[in-house]
Amino acid sequence: MFAASTTFQWRDALTFGALMGCGAVCIEATRRLGMPAGVSRDLLSAWWLPVALLLPPVYALFAPIVLQILLQIRVRATVLYRRVFSSAAIGLAGCTASVVFHQFVDDPAVLSRGSGPPILFAVAAAVLFSLLNIALIAIAAHLEDPDSTWREVLWDREKVLLDIVELCLGVSVSIGCGLNLGLLVLALPPVVLLQRSLLHAQLQAAARTDAKTGLLNAAAWQREADTEIVRARRTGDTLALLIIDIDHFKRVNDAHGHLVGDQVLVGVASMLRSQLRDYDVVGRFGGEEFVVLLPGADDDEARRVAERLRVRIGHMAVPVDDTLIKVTISVGVALMSVHGDDLIDLLTAADLALYRAKELGRDRVCIPAVQPPPRSLPDNPAP
């Protein structure tokens, strides 16, 4: 419909080609860095937004297809449906923003004249593009992982800041492109640098997380736990450490296969995230073991949190084919200044408590017994 109602003009085709060329340069410039798995940010909206604002809506539908194909071929070949859905979400969002913008601004060239209303309409269209794209991606992500919260799949503070950066870049590139197509040469280097910085930060974050569960991996967890313990030692705050082990996890792998076992790990990790505070340090320690550091938690709170996790995970069921898999956990608890003052001591004490929980029949929370200090005998009276 849009193609039939659009009058082809060579200037539009040249602008579209130039913007797609800039996007291709960004992709090639960051190709060696790679791209983290899952939903990642790449600042390519700096080129999609000008297409939506400066050109007829039909171009906004095709722009993401071109760059997604290049990403698939040159950067990372992911499952095809992800690329298709990303192209569809970006194309629909861009096309909608383009239609709305052109309803209020007849000639996009007025953007380059610096008058207020067209720029405000461009900003509003860019916000609409961002909101629609986020909504479509969030719905897909939530359908893929129904246990995730909408806050996780929509945005947090960092994502909002990135959206603002993309919005500003897109509108700025649109204004420059309207002035002179050759100004894209000046816009390209800073966008490439920003994109490289963003991807580098995302890859660093990916290197800190466990690939299966999305929690901190053992090395990253130990670094953050050490930092929290030093802080607690300096301030005198309480702190607790939990070691969590999935009971009879080997039976799950043997009976249903390792892929099902991975689904159980993901389910347990998701439950841990949903039941813990944002500043609690949770990670996967290896195999079926998880570790949690609870800053500010005393004996009663640590027991209460551990028991809540045990009950919630015990009620959890992972659907597999025509059956539901249920697991239980055993938890060992250790307390700062009671069972040790450094990470090694706390891990050792929590591990002993976990071993005790397994000896007592599993599916329980244990805390190490603390030996009372020896009583000092009264001094003999002087003769």
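Residues numbered from 1 in each chain as written. Predicted model: local features only at pLDDT ≥ 70, side-chain atom pairs only at ≥ 80, totals over all residues. Heavy atoms only, no water.

**Student:** I tried to follow the overall build of the protein on my own but got confused; where do I start?
**Tutor:** The helix and strand tally for the protein stands at 13 helices and seven strands. Across the 383 residues of the protein, 43% fall into the buried class. Within the protein, counting contacts between residues at least 6 apart in sequence, those at least 24 apart form 72% of the total. For the protein, the exposed surface amounts to about 20300 Å²; the carbon and sulfur share of it is 60%. (Helix = DSSP H or I, 4+ residues; strand = E, 2+ residues; numbered from the N terminus. Buried < 20%, exposed > 50% of the residue type's maximum accessible area, 1.4 Å probe, protein only. Contact = heavy atoms within 4.5 Å. Areas by Shrake-Rupley, 256 points an atom, 1.4 Å probe, with all protein chains shown as cover.)

**Student:** Mind showing me how you'd approach the pattern of salt bridges here?
**Tutor:** Overall, the coordinates contain 13 salt bridges when judged by the stated rule. Salt-bridge contacts for Glu307 lead to Arg310; the nearest nitrogen and oxygen are separated by 2.4 Å. On the criterion of helical spacing, the pair formed by Glu307 and Arg310 is a turn pair, its members being three residues apart in helix 12 (residues 299-315). A relative accessible area of 18% means that Arg310 is categorised as buried. The structure contains a network of salt bridges with shared partners spanning Glu228, Arg231 and Asp237. (Salt bridge = Lys/Arg side-chain N within 4 Å of Asp/Glu carboxyl O.)

**Student:** Sorry, what's going on with the environment of Leu354 here?
**Tutor:** When you line up the elements, Leu354 lands in helix 13 (residues 343-359). Spatially, the C-alpha atom of Leu354 lies 7.6 Å from that of Val333, the residues being 21 residues apart in sequence. With sequence-adjacent residues up to four places away left out, Leu354 is seen in contact with Ile243, Asp245, Glu289, Ser330, Val331 and Gly332.

**Student:** Please clarify how helix 9 (residues 218-235) should be interpreted in this entry.
**Tutor:** Helical periodicity: at 3.6 residues per turn, an α-helix aligns residues three or four positions apart in one direction. With 18 residues, helix 9 ought to run about 26 Å at 1.5 Å a step, and its terminal C-alpha atoms sit 26 Å apart, in line with that. Of the positions making up helix 9, those classed as buried are Ala220, Trp221, Ala225, Glu228, Ile229 and Ala232. Seen from one end, helix 9 has its buried residues packed into an arc of 165°, which puts them on one side. Opposite the packed face of helix 9, turned more than 90 degrees from it, sit the exposed residues Arg223, Thr227 and Arg234. Just downstream of helix 9 lies Gly236, where phi reads positive at about 80°. (Expected span 1.5 Å × (residues − 1). Arc of directions from axis to C-beta.)

**Student:** I would appreciate a short explanation of unusual backbone geometry in the present structure.
**Tutor:** Positive phi values are uncommon outside glycine, yet Ser337 reaches one of about 70°. Within the secondary structure, Ser337 is located in the loop between strand 6 (329-335) and helix 13. Positive phi, normally seen in glycine, also occurs at Asp363, with a value near 55°. Its location among the elements puts Asp363 in the loop between helix 13 and strand 7 (365-366). You can call Asp363 partly exposed: its relative accessible area is 31%.

**Student:** So what exactly am I meant to see when it comes to the side chain of Arg83 here?
**Tutor:** Within the secondary structure, Arg83 is located in helix 4 (residues 80-104). Its relative accessible area of 10% is what places Arg83 among the buried residues.

**Student:** What is the right way to look at a nonpolar patch on the surface in this model?
**Tutor:** Where nonpolar side chains cluster on the molecular surface, the patch consists of Phe62, Ile65, Ile69 and Ile73 and spans about 400 Å² of accessible area. Within the secondary structure layout, Ile65 lies in helix 3 (residues 57-75). Given the relative accessible area of 37%, Ile65 is considered partly exposed. (Patch = residues over 30% accessible without salt bridge, like charges linked within 9 Å, V, L, I, M, F, W, Y side chains within 5 Å.)

**Student:** Teacher, can you tell me more about helix 12 here?
**Tutor:** The first and last C-alpha atoms of helix 12 sit 25 Å apart over 17 residues, in line with the 24 Å expected at 1.5 Å per residue. What helix 12 keeps buried is the set Ala302, Val305, Ala306, Leu309, Arg310 and Ile313. Projected down its long axis, helix 12 shows its buried positions confined to an angular sector of 135°, all on one face. Away from its buried face, by an angle of more than 90 degrees, helix 12 presents the exposed residues Asp300, Arg304 and His315. Its buried side turned inward, helix 12 meets strand 1 (239-246), helix 11 (258-275), strand 3 (289-295), strand 6 and strand 7. For helix 12, the capping residue at the N-terminal end is Asp298, with a side-chain oxygen 3.4 Å from the backbone nitrogen of Asp300. (Polar contact = N/O pair within 3.5 Å; in protein donor to acceptor, adjacent residues only side chain to side chain.)

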